[in-house]
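# Observations on the model geometry
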Protein chains: 2
Amino acid sequence: MNVKLIEANDEDLELIMAWRSNELIYRFFAKQKAPLSWEEHFNFWTHRKDRIDWMIVLEDEKTKDRKVGTANVSELNTPYPTLGLLIGEIPLWSKGVGTTALLKVLDYLKSKGYEGAKGWVDEKNLASQRFNDKCGLKRDKNQDIADKIKYVIKF
Amino acid sequence: MNVKLIEANDEDLELIMAWRSNELIYRFFAKQKAPLSWEEHFNFWTHRKDRIDWMIVLEDEKTKDRKVGTANVSELNTPYPTLGLLIGEIPLWSKGVGTTALLKVLDYLKSKGYEGAKGWVDEKNLASQRFNDKCGLKRDKNQDIADKIKYVIKF
């Protein structure tokens, strides 16, 4: 499974929005209860700070390399940035693409000298909890957001 | 509402797949009952014949021009090619983008000397039926597919 992270740019916005507008994906997002609007999405994108977004590219010799999801780190101005990741190509869930991508994100943060990383998962989202457990993230003692499980990893 | 049609290419496949994998969009497709698989989508794409696919691009000076849907004509080897159209950016439904795009597709077919065009709409899909009625398509006397309404337009 060859996976690359390529920094996202304006040309990727429609694809990211299409993924985030799928109920199978947004049903676990804290605030979003409907497909995204372009204005909301574009506004978020142009105002984001201390954050990197990547496209997760799956290499595929039989067909073509393709974008299958997106990963991000935010709060890059803190010692424990926040992780975010989604696999937009739904039939690829649980096939290891997310794991490979997340390990690359963690490697990036390590290489930049961060102390660790953190993330939150909806308490109903058992698949993401299994994913975080498998990737070596630990449930934090300090659970600070209702209905969410906080994870932390120390490098 | 400035809308352009740009012929789709391999780089658009992920976005088209993401739209077609949204239940709000595929629920009226005859055969599809779940998100598309890449292999199925890529196989369809590379084997299509007598067909053109366009990306529907909405010009937007305030943010950026963006891809909001896809239109196609198939059976281009017949006098009445088959129309297909979807607006992938769901909050744009019923805002006139599809109408403008379909009129451009019909202009294209006229300019190429076709006699007309046809299309089918799920009988539960009232929005698409209103759309077709508004665009000047007529319900055909010969209703040939179960649970579908056949439309025809003569140039």
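For the structure itself, look to the data block above.
What counts, and where the lines are drawn
Residues numbered from 1 in each chain as written. Chains lettered and ligands numbered in written order. Predicted model: local features only at pLDDT ≥ 70, side-chain atom pairs only at ≥ 80, totals over all residues. Heavy atoms only, no water. Helix = DSSP H or I, 4+ residues; strand = E, 2+ residues; numbered from the N terminus. Rg over C-alpha atoms; globule rule 2.2 N^0.38 Å. Least-squares fit on C-alpha atoms with pLDDT ≥ 70 in both. Contact = heavy atoms within 4.5 Å. Buried area = accessible area lost by both parts, 1.4 Å probe. Salt bridge = Lys/Arg side-chain N within 4 Å of Asp/Glu carboxyl O. Polar contact = N/O pair within 3.5 Å; in protein donor to acceptor, adjacent residues only side chain to side chain. Buried < 20%, exposed > 50% of the residue type's maximum accessible area, 1.4 Å probe, protein only. Arc of directions from axis to C-beta. Phe/Tyr/Trp six-rings, centres within 6.5 Å; stacked < 30°, edge-to-face > 60°. Lys NZ or Arg CZ within 6 Å of the ring centre and 35° of its normal.

Looking now at the overall build of chain A. Along chain A, the regular secondary structure elements total five helices and seven strands. Starting at the N terminus and ending at the C terminus, chain A contains elements arranged as β-α-α-α-β-β-β-α-β-α-β-β. Relative to the globule expectation of 15 Å for 155 residues, the C-alpha radius of gyration of chain A, 15 Å, shows essentially globular dimensions. Dimensions of chain A along its principal axes, counting C-alpha atoms only, are 45 × 35 × 30 Å.

This part covers the relation of the copies chain B and chain A. Its rotation angle being 180°, the transformation that places chain B on chain A also includes 0.0 Å of axial translation and leaves an RMSD of 0.0 Å. Both copies of the chain, as the preceding transformation shows, are related through a two-fold rotation axis. By residue overlap, the copies meet face to face through one surface: 100% of the interface positions of chain B are interface positions in chain A.

The next thing to look at is the interface of chain B and chain A. By a widely used convention, the size of an interface equals the accessible area lost when the partners come together. Taken residue by residue, the interface counts 25 residues in chain B and 25 residues in chain A. Interface area, chain B with chain A, both sides summed: about 2000 Å², of which 67% is carbon and sulfur. The three residues of chain B that bury the most area against chain A are B:Glu14, B:Trp38 and B:Lys64, which together make up 30% of that side's buried surface. Put simply, chain B and chain A have two salt bridges between them. Ionic pairing is found between B:Glu14 and A:Lys64, a salt bridge with its closest N-O pair at 3.5 Å. On the surface where chain B and chain A come into contact, there are ten residue pairs in polar contact (both at pLDDT 80 or more).

For the coordinates displayed, the defined rule picks out 22 salt bridges over all chains. Between B:Lys118 and B:Glu75 there is a salt bridge; the shortest N-O distance is 3.2 Å. Here B:Lys118 is found in strand S5 (residues 116-122), whereas its partner B:Glu75 is found in the loop between strand S3 (66-74) and strand S4 (82-87), with 43 residues between them in sequence. Here B:Glu75 falls in the partly exposed class, since its relative accessible area comes to 34%. Put simply, A:Arg48, A:Arg51 and A:Asp53 are held in one network by salt bridges that share partners.

What follows is about the environment of A:Gly98. Residue and element names in this part refer to chain A. Of note, Gly98 is situated in helix H4 (residues 97-111). For Gly98, a relative accessible area of 8% gives the class buried. Between the C-alpha atom of Gly98 and that of Asp144, which follows or precedes it by 46 residues, the distance is 25 Å. In contact with Gly98, not counting residues within four places along its chain, are Leu85, Ile87 and Phe131.

All names here are of chain B. Listed as buried for helix H5 (residues 126-134) are Gln129, Phe131 and Asn132. Each buried residue of H5 sits inside an arc of 160° when the element is viewed along its axis, so together they form one side. Exposed and oriented more than 90 degrees from the buried face of H5 are Arg130 and Lys134. Turning to H5, the residues buried within the fold contact S4, helix H4 (97-111), S5, strand S6 (138-139) and strand S7 (148-154). The positive-phi residue at the C-terminal boundary of H5 is Gly136, with phi of around 90°.

All names here are of chain A. As enumerated under the stated definition, the model contains four aromatic pairs over all chains in all. Taking 5.3 Å as the distance between ring centres and 75° as the angle between the ring planes, the aromatic pair formed by Trp54 and Tyr108 counts as edge-to-face. Taken as a pair, Trp54 in strand S2 (residues 52-58) and Tyr108 in helix H4 lie far apart in primary sequence, 54 residues in all. Judged by relative accessible area, Trp54 falls into the buried class, the value being 8%. A cation sits over an aromatic face here: Arg48 above Trp45, 3.7 Å from the ring centre.

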